[in-house]
Amino acid sequence: ILPMSLAGLAMKAMKPPLSHRAIEWTFVLHFLGMFLPGFVLPLLSKQGVNIFAISLGGVILFVTGMVFGLLASPGKVGMWMASLFFVGAGWNFGFNTGTVYLSTAYDDRDHKSTVFQFQSYHDFICFMGAGVTSISFGFVYTAAGGNIEGWKFALYINCGFIGILCFVIMLAWRNNGLGNGSCVSAPQEDGSKV
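J.: Lay out the environment of cysteine 166 in plain terms, naming residues and giving numbers.
T.: Tracing the backbone through its elements, the reader meets cysteine 166 in helix 7 (residues 147–176). Of the residues examined, cysteine 166 reaches a relative accessible area of 27% and is grouped as partly exposed. C-alpha separation for the pair cysteine 166 and leucine 56, spaced 110 residues apart in sequence, amounts to 7.9 Å.

J.: Mind laying out a nonpolar patch on the surface, listing which residues take part and the relevant values?
T.: Taken together, the side chains of Trp25, Val28, Leu32, Leu36, Phe39 and Val40 make up a nonpolar region of the molecular surface, amounting to roughly 570 Å² of accessible area. Secondary structure elements with two or more residues in the nonpolar patch: helix 2 (20–35) and helix 3 (37–46). Broken down by element, the nonpolar patch gets its largest block of residues, 3 residues, from helix 2. Within the secondary structure, tryptophan 25 is located in helix 2.

J.: Quick rundown of the environment of valine 63? Include the residues and the values.
T.: Here valine 63 lies in helix 4 (residues 51–71). Given the relative accessible area of 34%, valine 63 is considered partly exposed. Distance in space between the C-alpha atoms of valine 63 and cysteine 159 is 8.0 Å, their sequence separation being 96 residues.

J.: Account for the environment of phenylalanine 62, naming residues and giving values.
T.: Position of phenylalanine 62 relative to the elements: it lies in helix 4. Separated by 23 residues in the primary sequence, phenylalanine 62 and phenylalanine 85 place their C-alpha atoms 9.2 Å from one another.

The rules behind the values
Residues numbered from 1 in each chain as written. Predicted model: local features only at pLDDT ≥ 70, side-chain atom pairs only at ≥ 80, totals over all residues. Heavy atoms only, no water. Helix = DSSP H or I, 4+ residues; strand = E, 2+ residues; numbered from the N terminus. Buried < 20%, exposed > 50% of the residue type's maximum accessible area, 1.4 Å probe, protein only. Patch = residues over 30% accessible without salt bridge, like charges linked within 9 Å, V, L, I, M, F, W, Y side chains within 5 Å. Areas by Shrake-Rupley, 256 points an atom, 1.4 Å probe, with all protein chains shown as cover. Salt bridge = Lys/Arg side-chain N within 4 Å of Asp/Glu carboxyl O.

Set out below in structure tokens:
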């Protein structure tokens, strides 16, 4: 959310600004990156690729997008397009593996309402976090001077969030054995795994 929410401002504020056509195509590629991998992830799970590998792949895609974003400058439309495409693809991998992992994080067969409460808390934290960081990164962008400088400063801060994400993934892998199963190994009613 963070790189995408500032990209339009940064592309328009550059001297010379990117054309409307370049900005439109950059966002088209971003949205393709966000949703096209959703067609590939089920194929990966059928091949037995585990949730840890897929989530790590998402981090790698996101970091790739960040690198392209840091290389972006006026006149380098391809860097902007690559940046937002890879950020979108990384988001897709992260969103999907997070959703799958969330559904396997609890095993409460007796109290189904707990499952819905757990999902509600998760969604509240995610959406509030996204809202707060989007608003605060607008201030960060402006405080760093706007245009390309503000964009890059926000990306550097985002690198810290990626570091935290990597730590959480590694901790979950270490504590819960995420590397041991496929991303579709959710518990069934009889206690078996798919």
